[in-house]
Amino acid sequence: MQQTQQPWIIYGSELSPFTLKLILMCQHADLATRLLPTEGSLLENLRLQQRLKNLLKGKLPLTWPQMTEDDEFPLVPFLFGPAGENLYDSTAIAHWLDARTQGSATPLIPEEPAAAFIAQLIDDYADEFGLYMVHHYRWKVSARDNNAGQRLAHEWRSLLGPMQRPFGAWFSARQVKRLPYLFSVAPKAQGFPDLPRRRTPPSRPGFPATHQLLEAAFERLLDCLETLLSQRPFLLGGCFTLADASLYGQLAMNLDDPSAANIMRQRAPHLFSWLQTLRSGSFPNGDGQLTVDATLAPLLDEIGRSHIPLMQQNLAACTAWQTRGTALFNEAAFNKQQALYDGMLDGKAFRHVAKRFQAKSWRACSQRWASLQRLKTSCSNFRHPLLCSTNWKNLSDLLNNSAD
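Just so you know, these numbers come straight off a predicted model, no measurement behind them.

Asker: Go over the overall build of the chain, please, and point to the residues and values.
Answerer: For the chain, the helix and strand inventory stands at 16 helices and six strands. Against the globule reference of 22 Å for 404 residues, the chain gives a C-alpha radius of gyration of 21 Å, in line with a compact fold. The principal-axis extent of the C-alpha atoms belonging to the chain is close to 70 × 65 × 50 Å. With 404 residues in all, the chain has 53% of them scored as buried. For the chain, the accessible surface area stands at approximately 18200 Å², while carbon and sulfur atoms represent 51% of it. Between the averaged position of the 41 positive side-chain charges in the chain and that of its 36 negative side-chain charges there is a distance of 8 Å.

The following block contains the structure:
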């Protein structure tokens with residue numbers, strides 16, 4: 001009698017866009033999973049907490065990926081296997097899933113070079129700049145009607161017991177306070193007189209306001225995706241890829257934030273329906289064929305307008321601060337007012353903190369771009385309509401100007 005394989009454990013929260021992304025990728029790869037802590041008993045969760053603690057302290061080996069000095073462990077998600085496997089980082093796990101399935105599912109990172117580059121570029125954009133937009137839409141746009149703190153407390157109910165309510169209030173206040181670190185800085189004249197201070201989106205002395213910038217970028221993204229998904233089942237045609245998983249993860253986070261969800265429903269009904277279909281565990285019917293064509297151009301233009309300039313400026317800032325001997329980056333530096341830099345995005349000023357993990361991600365993107373350009377030059381039969389278009393040239397100019 002064949003023994004049933006134990007499911008893998010996703011340690012995370014459905015409030016996290018990266019957890020949503022990982023859940024969807026595992027479904028696509030037909031990897032049986034359970035989501036803890038929400039689906040676990042008290043004993044299971046206590047054991048998993050200890051396993052996580054041992055992993056973070058280096059007492060357990062990390063299966064994938066290999067960490068560098070530019071990396072840091074997230075709060076969530078992690079993927080834990082029944083044979084002691086320990087994985088983190090949703091994008092890295094996509095590569096691991098592709099190696100594991102080996103043809104039994106269409107790859108998340110396409111084998112075709114141009115499609116692979118675009119899928120990973122969209123993934124970078126969603127994970128980095130997209131994260132800023134959806135957190136802004138939860139904690140600012142949906143400030144009056146989101147119940148994210150209560151939902152997280154419910155997920156942790158086996159561990160929290162009677163502390164659910166105060167934990168939910170604490171988490172909401174924490175996330176609102178973190179908004180400037182996530183690029184959402186309010187103007188000094190607050191527009192939320194009816195909210196308690198702990199739920200009021202904060203401004204920050206010396207930091208230009210970015211609310212208008214983020215909301216304009218979000219609306220442009222909705223318009224791009226609405227047009228794209230009204231014509232095809234997935235971003236790259238008839239084939240589900242990492243690009244779909246990443247943008248789904250970010251935007252599906254807002255499906256439970258009433259004001260943000262209403263904006264998506266009204267402005268982008270095809271996109272809204274697509275998100276709901278994927279969240280139900282179903283995948284739209286596709287023919288499995290990749291389509292890298294001019295239909296993608298508006299989305300690439302948007303990435304070139306927001307994400308690429310921000311990543312270039314962050315890389316330059318990281319390099320400059322490291323040259324000065326700075327060792328503290330990311331949120332720890334932000335909280336201490338260190339490693340800050342001033343920049344411009346879409347014609348608007350901003351102030352932010354240098355992030356080493358973003359610099360690493362952008363270096364990898366630049367390397368993939370250089371490899372694609374070498375392939376395009378060396379292979380006479382390497383032809384794509386998009387690669388010859390004006391939109392691709394605009395993106396090429398931006399990428400070719402990336403810092404080394």
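Once the structure has been displayed, the description carries forward.
Asker: Could you give an account of the packing of helix α8 (residues 211–229) against helix α11 (residues 269–279), with specific residues and numbers?
Answerer: At a minimum axis separation of 7 Å, α8 and α11 run at an interaxial angle of 75 degrees. Looking at the two axes, α8 sits roughly perpendicular to α11. Between α8 and α11, the residues in contact are Leu-222, Leu-225, Glu-226 and Leu-229 and Pro-269, His-270, Leu-271 and Trp-274, respectively. Residues of the contact of α8 with α11, tallied by class, amount to six nonpolar, one polar and one charged.

Asker: Mind laying out the layout of surface pockets, listing which residues take part and the relevant values?
Answerer: As a volume, the second largest pocket reaches approximately 320 Å³. If you go around the second largest pocket, the residues you meet are Gln-6, Pro-7, Ile-9, Arg-34, Leu-36, Glu-44, Arg-47, Leu-48, Arg-51, Phe-80, Gly-81 and Pro-82. Taken together, the elements giving at least two residues each to the lining of the second largest pocket come down to β2 (33–36) and α2 (42–56). In terms of residue count, the dominant contributor to the lining of the second largest pocket is α2 (four residues).

Asker: Any chance you could break down the pairing of strand β5 (residues 340–345) for me, citing the residues and the numbers?
Answerer: Here β5 pairs with strand β6 (residues 348–353) via six bridges, running antiparallel. Each residue of the ladder has a partner; that of Met-344, found in β6, is Ala-349. Here β5 hands over to β6 after two residues, with Asp-346 in that stretch at a positive phi of 55 degrees.

Asker: Go over the side chain of Arg-220, please, and point to the residues and values.
Answerer: Turning to its location among the elements, Arg-220 is positioned in helix α8. Residues within four places of Arg-220 in sequence aside, it is in contact with Glu-302, Arg-305 and Asp-346.

Asker: Can you tell me about the pattern of salt bridges, naming the residues and giving the values?
Answerer: A full pass over the atoms with the stated rule returns 21 salt bridges. In this structure, the salt-bridge partner of Asp-194 is Arg-144, at a minimum N-O distance of 2.8 Å. In this pair, Asp-194 is assigned in the loop between α7 (164–177) and α8 and Arg-144 in the loop between α4 (113–141) and α5 (148–155), connecting sequence segments 50 residues apart. Taken individually, Asp-194 and Arg-144 each receive the classification exposed, so the pair is uniform in this respect. Two residues, Glu-302 and Arg-220, come together in a salt bridge whose shortest N-O distance is 2.6 Å. Highlighted residues: Glu-302 in helix α12 (residues 297–305) and Arg-220 in helix α8, separated in sequence by 82 residues. The pair Glu-302 / Arg-220 is uniform in exposure class, with both members buried. When salt bridges that share partners are traced, they join Arg-138, Arg-151, Asp-256, Asp-257 and Arg-279 into one network.

Asker: So, α5: which residues are in play, and what are the values?
Answerer: For α5, the buried fraction is high: six of the eight residues fall into the buried class. Within α5 the residues assigned to the buried category are Ala-148, Gly-149, Arg-151, Leu-152, Ala-153 and Glu-155. In this structure, the buried residues of α5 make contact with α4, α6 (157–160) and α7.

Asker: Can you tell me about the packing of helix α1 (residues 17–28) against α4, naming the residues and giving the values?
Answerer: Between α1 and α4, whose axes approach to 11 Å, the crossing angle comes to 155 degrees. It follows from the interaxial angle that α1 and α4 lie roughly antiparallel. Packed against α1, whose contacting residues are Pro-17, Phe-18 and Lys-21, the element α4 presents Asp-123, Asp-127 and Leu-131 at the interface. A per-class count over the contact of α1 with α4 returns three nonpolar, no polar and three charged.

Asker: Go over the nonpolar core with me, naming the residues and quoting the values.
Answerer: Counting 98 residues, the largest nonpolar core has Leu-79 and Phe-129 as its most contacted members. Per element, the largest residue contribution to this core is 15 residues, and it comes from α4. Not counting chain neighbours up to four residues away, the residues in contact with Leu-79 comprise Trp-8, Ile-9, Ile-10, Leu-22, Cys-26, Leu-31, Glu-85, Asn-86, Leu-87, Ile-93 and Trp-96. Judged by nonpolar contacts, the second largest core, of 19 residues, contains Ile-9, Tyr-11, Leu-160 and Leu-179.

Asker: So what about the pairing of β2? Which residues, and what values?
Answerer: Note: strand β1 (residues 8–11) against β2, four bridges, orientation parallel. Across the sheet, Ile-10 pairs through a bridge with Leu-35, a residue of β2. Considered for its hand, the β-α-β crossover made up of β1, α1 and β2 is right-handed.

Asker: For the side chain of Thr-241, give the residues involved together with the corresponding values.
Answerer: If you trace the backbone, Thr-241 turns up in the loop between α8 and α9 (242–252). By relative accessible area, Thr-241 is classed as buried at 0%.

Asker: Give me the packing of aromatic side chains: which residues, what numbers.
Answerer: Applying the stated rule across the entire model yields 21 aromatic pairs. On the numbers, 5.4 Å between centres and 50 degrees between planes, the contact of Phe-117 with Trp-369 is tilted. One end of the pair, Phe-117, is in helix α4; the other, Trp-369, is in helix α15 (residues 356–378), with 252 residues separating them in the sequence. Grouping residues by exposure puts Phe-117 and Trp-369 together as buried. Here the aromatic rings of Phe-167 and Trp-170 are separated by 5.6 Å at their centres, their planes lie at 40 degrees, and the arrangement is tilted. Taken together, the positions of Phe-167 and Trp-170, both in helix α7 and three residues apart, correspond to about one turn of that helix. Joined through ring pairs, the aromatic side chains of Tyr-125, Phe-129, Tyr-132, Phe-183, Tyr-341 and Phe-350 make up one cluster.

What counts and what doesn't
Residues numbered from 1 in each chain as written. Predicted model: local features only at pLDDT ≥ 70, side-chain atom pairs only at ≥ 80, totals over all residues. Heavy atoms only, no water. Helix = DSSP H or I, 4+ residues; strand = E, 2+ residues; numbered from the N terminus. Rg over C-alpha atoms; globule rule 2.2 N^0.38 Å. Buried < 20%, exposed > 50% of the residue type's maximum accessible area, 1.4 Å probe, protein only. Areas by Shrake-Rupley, 256 points an atom, 1.4 Å probe, with all protein chains shown as cover. Lys, Arg positive; Asp, Glu negative; His and termini not counted. Charge placed at Lys NZ, Arg CZ, Asp CG, Glu CD. Axes fitted to C-alpha atoms, helices over the stretch in contact; angles between N-to-C directions. Parallel < 35°, antiparallel > 145°, perpendicular 65-115°, else oblique. Contact = heavy atoms within 4.5 Å. Nonpolar A, V, L, I, M, F, W, Y, C, P; charged D, E, K, R; others polar. 1 Å grid on protein atoms, 1.4 Å probe; cavity = no way out; pocket = protein on both sides within 12 Å on 5 of 7 lines; lining within 4 Å. Points joined across faces, edges and corners; volume = space filled by probe spheres on them. Pairing = 2+ DSSP bridges. Salt bridge = Lys/Arg side-chain N within 4 Å of Asp/Glu carboxyl O. Core = buried A, V, L, I, M, F, W, Y, C linked by side-chain atoms within 4.5 Å. Right-handed = clockwise from strand over helix to strand, strands pointing away. Phe/Tyr/Trp six-rings, centres within 6.5 Å; stacked < 30°, edge-to-face > 60°.

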